[in-house]
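Spelled out, the chains give:
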Amino acid sequence: MSDRLSAAFSRCRAEGRAALVTFVTGGDPTPAATPAVLDALVAGGADVIELGMPFTDPMADGPAIQLANLRALGAGTTTAALLDIARDFRARHPLVPLVLMGYANPMVRRGPDWFAAAAQGAGIDGVICVDIPPEEDDALGPALRQAGLHPIRLATPTTDAARLPQVLEGASGFLYYVSVAGITGLQQAAQDSIDAAVARLKAATDIPVAVGFGIRTPAQAAAIARLADGVVVGSAIVDLIARHGDQAAEPVKDYVASLSRAIADARQEQPA
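The rules behind these values
Residues numbered from 1 in each chain as written. Predicted model: local features only at pLDDT ≥ 70, side-chain atom pairs only at ≥ 80, totals over all residues. Heavy atoms only, no water. Phe/Tyr/Trp six-rings, centres within 6.5 Å; stacked < 30°, edge-to-face > 60°. Helix = DSSP H or I, 4+ residues; strand = E, 2+ residues; numbered from the N terminus. Buried < 20%, exposed > 50% of the residue type's maximum accessible area, 1.4 Å probe, protein only. Lys NZ or Arg CZ within 6 Å of the ring centre and 35° of its normal. Polar contact = N/O pair within 3.5 Å; in protein donor to acceptor, adjacent residues only side chain to side chain. Contact = heavy atoms within 4.5 Å. Salt bridge = Lys/Arg side-chain N within 4 Å of Asp/Glu carboxyl O.

The next subject is the packing of aromatic side chains. Enumeration over the complete set of coordinates arrives at three aromatic pairs. Relative to Y103, the ring of F55 lies with its centre 5.5 Å away and its plane at 25°, an arrangement referred to as stacked. Of this pair, F55 sits in the loop between β2 (48-52) and α3 (63-74) while Y103 sits in the loop between β3 (98-102) and α5 (104-108); the two residues are 48 residues apart in sequence, bridging distant segments of the chain. A residue is classified by how much of its surface remains accessible, and Y103, at 3% relative accessible area, is buried. Look at Y176 and F213: their rings are 6.2 Å apart centre to centre, the planes differ by 85°, and that puts the pair in the edge-to-face class. Placement of Y176 in strand β7 (residues 175-178) and of F213 in the loop between β8 (209-212) and α10 (218-225) is noted, with a sequence separation of 37 residues between them. The residues Y176 and F213 share a single accessibility class, namely buried. Note that R110 overlies the ring of W114, its terminal NZ or CZ placed 4.4 Å from the centroid.

Shown next as structure tokens:
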């Protein structure tokens with residue numbers, strides 16, 4: 001397995017903070033503009049980057065990311081272009097973990113072995129496939145593991161004690177806790193329910209637990225960061241890209257920096 005993900009979470013743990021995990025859709029607003037956005041994420045303090053694979057039917061995503069997928073596809077973003085973006089990112093940022101996030105169709109249409117080898121060759125560290133459940137791990141998981149990539153699994157508020165072991169079986173890198181039962185970007189769960197879920201998940205696994213869906217403000221990120229190992233922010237960044245287009249890099253960097261500062265301070269602010 002690539003150790004960039006493990007190293008990133010270990011470093012954050014040693015620094016007494018959660019990791020900041022950021023998401024953008026590859027090719028949004030254009031393939032040519034994406035590298036500057038990715039560099040802005042790093043400059044702002046992102047510890048892990050999720051790069052979305054554009055798809056015509058992103059069923060788990062809300063309006064912001066749906067539109068980002070359409071913009072990216074409309075700009076001609078292909079799987080080959082996305083892998084080129086990843087490969088160039090790896091050359092510029094040899095230590096920053098990069099995770100592909102998306103749907104099964106683009107990942108398995110040429111065969112899981114082809115996809116895993118291509119991702120590994122582009123410097124990818126892990127893969128989140130939204131619509132392949134743990135029960136169907138054979139569709140992609142073995143190929144990812146053989147290529148040394150982390151299969152990153154999703155847990156949700158409906159993942160009960162009976163199903164959680166199956167979600168965790170074969171998972172690595174980090175566990176992505178989807179804090180609401182719905183689509184991205186539209187709502188945030190109550191903090192008490194998130195805290196309880198994170199505690200339950202961390203009691204069941206040594207894999208870092210990162211929480212996402214609905215996190216938009218530094219204060220929200222800090223609240224999550226007090227207990228979780230990672231905080232995932234996506235739709236709010238995608239909204240900035242929609243607003244600023246090819247000039248999005250600087251606003252993205254400033255926004256991510258505000259999240260990074262809040263997360264870094266979160267645990268220091270807790271009462272003794």
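A separate point is the side chain of D229. With respect to the element layout, D229 can be found in the loop between α10 and β9 (230-233). Among the polar contacts made by the side chain of D229, one reaches the side chain of K202 at a distance of 3.5 Å. If we ignore the near neighbours within four places in the chain, the residues touching D229 are F9, A18, A19, K202, I207, P208, V209 and R267.

What follows deals with the environment of L20. By secondary structure assignment, the location of L20 is in strand β1 (residues 19-25). Between the alpha carbons of L20 and I263 there is a distance of 7.5 Å; along the sequence they are 243 residues apart.

To continue, consider the pattern of salt bridges. What the rule picks out here adds up to 14 salt bridges. Put simply, D47 and R11 hold a salt bridge, and the shortest N to O gap is 3.2 Å. Residue D47 is found in the loop between α2 (34-44) and β2, and its partner R11 is found in helix α1 (residues 4-14); the two are separated by 36 residues along the sequence. Judged by relative accessible area, which is 6%, D47 ranks as buried. Between K202 and D229 there is a salt bridge; the shortest N-O distance is 3.5 Å.

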